[in-house]
Amino acid sequence: IESVAICGADDDSGTNFVNFCEKEAKERGYTIATQFTYTQDAATLSSECMKLKASEADALMIFALTGPAILFLQTMQDMDINFKTMITARGGFIATEFFDTVGDASEYIMTENTWSLDSVSDKAYSTAINDLCIKKAGCGMNGNYARAMQAFFVLCDALERAGSKDGEALKDALWATDMDGSSLICPWDGVKFDEDGQNIYAGGIMTQVQNGQYVTIDPEVEKAVVPAPAWKER
């Protein structure tokens, strides 16, 4: 892989993604074949996909929420636009609606993630929570659900330590949070907040869709499929 195409929505998240990918790609010696932002609520992404096709880039780095993520993938499939690999940063590419709509077309997409069942398979409660999610929501856990559940666990921990529903007591308990990785849903080392309220132990894992679900791509766990088969070869 020598060249990349970079695109994201024209909002803060998309622009930050594009700028970050541009900086990293240049520092690592990749050729930027094309880069652009698109309108989040666009009815069609044909012109954007034409740019991607004309770029002939080896890899696509893209950020999109659910609607555009679906539209991008369907349009790229219709226009037979193939990349050796496609990498995103969660967004719509982990949404249940995305998988339900695009089906097998989601195979081989990579994303930085905050959940995959194999990353926490050593914790029995994670499987139980995933099963509960399937029962109640009709789908398995994803990164969005995992972070929401993690926030609930953090709140429960703070309530226990505060011993009160008083707002100030609870706030102080939340600031004092120091959970280790043994009681987490997300594959983090723990939860402890800095002065800006950010979890200093938060991190991500790289995942790829294989057989319909995201799995951790790690030489000791699962290897990434690169290059991905072209649309007509699937």
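Use the structure listed above.
The following paragraphs examine the structure supplied in this document. (Residues numbered from 1 in each chain as written. Predicted model: local features only at pLDDT ≥ 70, side-chain atom pairs only at ≥ 80, totals over all residues. Heavy atoms only, no water.)

The omega angle of the peptide bond from Val226 to Pro227 is 0°, so this bond is cis rather than trans. If you trace the backbone, Pro227 turns up in the segment after strand 9 (213–216). Even without a glycine there, the phi angle at Tyr108 is positive, about 80°. A relative accessible area of 22% means that Tyr108 is categorised as partly exposed. (Helix = DSSP H or I, 4+ residues; strand = E, 2+ residues; numbered from the N terminus. Buried < 20%, exposed > 50% of the residue type's maximum accessible area, 1.4 Å probe, protein only.)

To continue, consider the pairing of strand 8 (residues 205–210). Counting buried positions along strand 8 gives 5 out of 6 residues, so the element sits mostly inside the fold. As defined by bridge partners, strand 5 (residues 109–113) adjoins strand 8 across 4 bridges and the pair is classed as antiparallel. Note on strand 8: the bridge partner recorded for Thr111 is Thr207. Bridge count between strand 8 and strand 9: 4 bridges; the pairing is antiparallel. What sits directly across from Thr207, in strand 9, is Thr216. (Pairing = 2+ DSSP bridges.)

What follows is about the sheet that holds strand 8. Spatial ordering of the open sheet is given by 2-1-3-4-5-8-9, a layout of 7 strands whose pairing is mixed. Of all the strands in the sheet, the pair left with one neighbour each is strand 2 (31–38) and strand 9. Between one strand and the next, the sheet's axes are offset by a mean angle of 25°, whatever the strand orientation. Both strand 4 (residues 85–88) and strand 5 contribute to a ladder of 3 bridges, which runs parallel. (Axes fitted to C-alpha atoms, helices over the stretch in contact; angles between N-to-C directions.)

The next point concerns the pattern of salt bridges. A complete count under the given rule lists 9 salt bridges for this structure. Note that Lys26 is salt-bridged to Glu22, the shortest N-O span being 3.0 Å. Within this pair, Lys26 and its partner Glu22 are both found in helix 1 (residues 12–27), separated by 4 residues, close to a single helical turn. A salt bridge links Lys232 to Asp80, with the shortest nitrogen-to-oxygen separation between them at 3.6 Å. (Salt bridge = Lys/Arg side-chain N within 4 Å of Asp/Glu carboxyl O.)

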